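The residues making up each chain are set out below.
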Amino acid sequence: MSRIGVAFDKARADGRAVLVGCMPAGFPTVEGSIAAMKAMVEAGVDVIELEIPYSDPVMDGPVIQRASDIALAGGVRTADALRIVEAVAATGAPVVTMTYWNPIEQYGVDAFARDLASAGGTGLITPDLIPEEADEWLAASDAHGLDRTFLVAPSSTDARLRMTVEHCRGFVYATAIMGVTGARSRTSDAAPVLVARVREATDLPVGVGLGVGTGAQAGTVAGYADGVIVGSALIRCLLDAPDEAGGLTALRALSAELAEGVRTPRP
Amino acid sequence: MSATDPTPAGQVPDAAGHFGRFGGRFVPEALVAALDELDAAYRKAMSDESFLAEFDALLRDYAGTPSLLYRAERFSAKIGARVLLKREDLNHTGAHKVRNVLGQALLTRRMGKRRVIAETGAGQHGVATATAAALFDLECVVYMGEVDTQRQALNVARMRMLGATVVPVTTGSRTLKDAMNEAMRDWVANVDDTHYLIGTAAGPHPFPEMVRDFVRGIGDEARAQCLDLTGALPDAVAACVGGGSNALGIFHAFVPDAGVRLYGFEAGGEGVETGRHAASITGGTSGVLHGTRTYVLQNADGQTIESHSISAGLDYPGVGPEHAWLHDSGRATYLPVTDAEAMAAFELLCRTEGIIPAIESSHALAGALKIAPALAAELGREPVIVVNLSGRGDKDVHTAGEYFGILDREQ
Ligand SMILES: Cc1ncc(COP(=O)(O)O)c(C=O)c1O
């Protein structure tokens, strides 16, 4: 079982959900992003989702776009992201990467899988790669023992949903809201339905993303999902802060609030 | 595959939209259902007599097609080739784009959707979409890079007059690619009631194939008109290539005609060697952008590089996957044309024929000028070149006026 699987099992045994926190590699700087992710882990984030920034992130809302732009303007490269994986994985928290397909294709699919595995990454979330186009990635992830997380959506048909989860390993990512990333005042009504549909098709843990921003929302999602995935709200802590220290303080506080939330599942 | 192979048009794309190693679908899962729905609606429509009759009637009675094939004698004399202009500039709304838009608007209605969104660069596709939305009583939102809203202010006004909402996009390079990102984001969120009316033969399957089919009348008409006018097929067909719709539209009918050379002219901007250009095939590498695998302007990490062209409609760092495939197979030849070359051809057409072309189309005119001497030498006679005059230059009067320094100083 992968390290992610262990984290999900452990949380399940504790009667709580896993908290997954996302941060773009190189935001605000390479060192700054390492510090941010270490702070998140210390404050209770279980799994780090490291987003490798991409110039045209069509699934992302304004917050992640801005952070990605800052990282890219700072010159972050895919090789830096792999270095960050290594540094953060040293904390003991599982690190899963997430990126759009083109950066992987340009790095070389097999080379990326090899280097991600040797950096200690657990796998890759692919927001714009569907299993039908993924032959190379299926082979590379098998060869290097990496998890594969494809997305499922409320609009996925039952047949597609089954096909997609069959190709997943580690966990399944349920995009609970039809729309781009970004914290929302309400979590989605579609999410529990989608999670229930996934559970009929697989025993893999299900993470729910898109929209969670508060401990209370995290608790609500923890009531039906195995993992609560939070991105924009955490990133905003850094974007809105007057300086780096202030950003880290806010980040720790929100991480702790969310960690409390996933330990207080609301039915 | 060589140019003499029998028509590849029947075999590609495959059912999943692959043109050889290009094309396909690189999209969020949330969009797959909508793409499947669109694919089904499109395939059903293409074999439905009533749909085809309605589309034909709209093209004829509303858009004003078939467009003329015009012997540009004075222009021809200047360039040493017999140039036949496919006058898509005379279509309603002023470009070839109206054909695609009417096809997709009909499909939108068939799918029971009431809102259309579009990206636009030059504004031509936005204007065409706003036009069809008015005609079909659909809500219309057009995403346009902020830079382009300034370059093409006239078209922004036209869209608003037609009742569309124009959203200036302020992310990234603030041009066409960013407008496309924003439109995709809108679509993911509103896919239930919204059709994304993509304006070129790019994007995820089935868009490249579907858009080509909606604009292929350009080539079907031109082929018959050329036979009528000259008694023979042309030696070459020339078109500008942004995303690639007008070029595919005119190429498609000629692909099986092995003796007809197909030339696509990309925007060479300040010169491909300067890095400031929009020539994705000539100056790019294979990658994934906006839902499809194709040639892309990108750095070694796969980050998109900003494109540059004097022509907003060609200012895009990717190209439709069918062109990538026609390039790899050798069936079509792609060459860059610089801003300066395009503007010289723009001026030449104005002065010799009394036709103000779109700056996009001026790239095709400049291309014809470029290939004429070698073609003439090879054939031992003046070549016959059909040039797709994809649009009119009204929208470009400000840009061209500044370029040539002929605007009176504003107070
Ligand atoms: C007149 C004209 N020609 C050509 C183009 C380029 O698009 P495509 O390559 O899809 O024909 C545009 C785009 O706006 C246009 O307005």
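The structure presented is a predicted model; accordingly, all values stated were derived computationally and were not measured.

**Q** Can you walk me through the overall build of chain B in this structure?
**A** Check the secondary structure of chain B and you find 16 helices and 14 strands. The C-alpha atoms of chain B give 20 Å as radius of gyration, which agrees with the globular expectation for 411 residues (22 Å, within 12%). Taken along the three principal axes of its C-alpha coordinates, chain B extends 60 × 60 × 50 Å. When the 411 residues of chain B are sorted by exposure, 63% land in the buried category. Excluding contacts between residues fewer than 6 apart, the proportion of contacts in chain B whose partners are at least 24 apart in sequence is 74%. Taking the 37 positively charged and 51 negatively charged side chains of chain B as two groups, their mean positions are separated by 2 Å.

**Q** Could you clarify how one ought to interpret the interface of chain A and chain B in this entry?
**A** For an interface, size is often stated in terms of accessible area lost upon the parts coming together. Contacts between the two partners involve 33 residues from chain A, matched on the other side by 33 residues from chain B. With both chains or domains summed, chain A and chain B bury close to 2,700 Å², and 47% of this area falls on carbon and sulfur atoms. Of all residues in chain A, the largest losses of buried area upon contact with chain B belong to A:Asp56, A:Val58 and A:Glu133, amounting jointly to 21% of the total for that side. Between the two partners, chain A and chain B, sit 4 salt bridges. Among the ionic pairs, A:Arg77 bridges to B:Asp301, the shortest N-O distance being 2.8 Å. Our enumeration of links across chain A and chain B arrives at 23 residue pairs in polar contact (both at pLDDT 80 or more). Elements with a minimum of two residues in the side of chain A that touches chain B: helix H3 (62–73), helix H5 (101–107), strand S6 (151–152) and helix H8 (158–166) of chain A. Ranked by the residues each element gives to the side of chain A that touches chain B, the list is headed by H5(A), at 5 residues.

**Q** Looking at this structure, I do not really get the packing of aromatic side chains. What am I missing?
**A** The way to describe two aromatic rings as a pair is by their centre distance and the angle between their planes. This structure, assessed with the given rule, holds 14 aromatic pairs over all chains. Note on A:Tyr107 and A:Phe112: the rings are 5.8 Å apart at their centroids and 90° apart in plane angle, and the pair reads as edge-to-face. Judged by its relative accessible area of 0%, A:Phe112 falls in the buried class. With a centroid separation of 6.4 Å and 35° between ring planes, the pair formed by B:Phe51 and B:Phe214 is classed as tilted.

**Q** Would you mind showing me how to read the confidence of the model for chain B here?
**A** Regions with low pLDDT should not have their predicted coordinates read in detail. Residues and elements named next belong to chain B. Looking at chain B as a whole, the pLDDT averages 95, with 97% of positions reaching at least 70. Summarising per-element confidence for chain B, the mean pLDDT is lowest in helix H6 (residues 146–151) (87) and highest in strand S14 (residues 384–389) (99). Quick note on the complex model: pTM equals 0.95, ipTM equals 0.95.

**Q** What am I meant to see in the site of the ligand here?
**A** All names here are of chain B. Every one of the 18 residues lining the ligand counts as a neighbour, but Thr200, Gly244, Ser245, Asn246 and Ser390 are closest to it. Contact between the ligand and Thr200: an oxygen atom at 2.5 Å from a side-chain N or O atom of the residue. Take Gly242: an N or O atom from its main chain is 2.7 Å from an oxygen atom of the ligand. Counting only elements with at least two residues in the shell around the ligand, the list comes to strand S9 (236–241) and helix H11 (245–251). Residue classes in the shell around the ligand are distributed as 5 nonpolar, 11 polar and 2 charged.

**Q** Mind showing me how you'd approach the pairing of strand S11 (residues 285–289) of chain B here?
**A** The two faces of a sheet get side chains in turn, since along a regular strand they alternate between them. Residues and elements named next belong to chain B. A large share of S11 lies buried, amounting to 4 of its 5 residues. In the sheet, S11 pairs with strand S12 (residues 292–296) via 5 bridges, with the strands oriented antiparallel. Within S12, the residue paired with Thr285 across the bridge is Val296. Joining the antiparallel neighbours S11 and S12 is a turn of 2 residues, in which His290 adopts a positive phi near 50°.

**Q** Mind showing me how you'd approach helix H1 (residues 3–13) of chain A here?
**A** Three or four residues apart is the spacing at which side chains of an α-helix point the same way, because the helix has 3.6 residues per turn. All names here are of chain A. Among all positions of H1, only Ile4, Gly5, Ala7, Phe8 and Ala11 are buried. One side of H1 holds all its buried residues, which, seen down the axis, span an arc of 160°. Those residues of H1 that are exposed and aimed more than 90 degrees away from the buried face are Lys10 and Ala13. The elements touched by buried residues of H1 are strand S1 (18–24), strand S2 (47–51), strand S3 (95–98), strand S5 (147–149) and strand S9 (227–230).

So, how was this worked out
Numbering of residues starts from 1 in each chain and follows the order in which that chain's sequence is written. All chains are assigned letters beginning with A, and all ligands numbers beginning with 1, in the order in which they are written. Per-residue local features of the predicted model are confined to residues with pLDDT of at least 70, and side-chain atom pairs are confined, for both listing and counting, to 80 or more; whole-chain, interface and lining totals are unaffected and use all residues. Each side-chain value is worked out from all heavy atoms of the structure, with water and hydrogens disregarded. Helix and strand assignments follow DSSP, with helices taken as H or I runs no shorter than four residues and strands as E runs no shorter than two, numbered in order from the N terminus. Computation of the radius of gyration draws on C-alpha atoms, with the globule rule given as 2.2 Å multiplied by the number of residues to the power 0.38. Burial classes: relative accessible area under 20% of the type maximum marks a residue as buried, over 50% as exposed, and values in between as partly exposed (1.4 Å probe, protein chains only). Any two residues whose heavy atoms approach within 4.5 Å are treated as being in contact. When charges are counted, Lys and Arg contribute as positive and Asp and Glu as negative, whereas His and the chain ends are disregarded. Charge placement uses NZ in Lys and CZ in Arg. For Asp and Glu, CG and CD serve respectively. Buried area is a sum: the accessible area each of two parts loses on coming together, probed at 1.4 Å, counted once for each and added. A pairing counts as a salt bridge when a side-chain nitrogen of Lys or Arg comes within 4 Å of a carboxyl oxygen of Asp or Glu. A 3.5 Å cut-off defines polar contacts: any pair of N or O atoms within that distance qualifies, except that in protein one atom must be a possible hydrogen donor and the other a possible acceptor, and neighbouring residues in sequence count only when both atoms are side-chain atoms. In this scheme Phe, Tyr and Trp rings, the latter by its six-membered ring, pair at centre separations within 6.5 Å, and the angle between planes marks the pair as stacked below 30 degrees, edge-to-face above 60, and tilted otherwise. The predictor rates its confidence in each residue with pLDDT, a number between 0 and 100. Proximity is defined per residue: any heavy atom of the residue falling within 4 Å of a molecule or strand makes that residue near it. Each residue receives one of three labels: charged for Asp, Glu, Lys and Arg, nonpolar for Ala, Val, Leu, Ile, Met, Phe, Trp, Tyr, Cys and Pro, and polar for the others, Gly being one of them. Following DSSP output, two strands are said to pair if at least two bridges run between them. Working note: the arc is built from the helix axis to C-beta atom directions.

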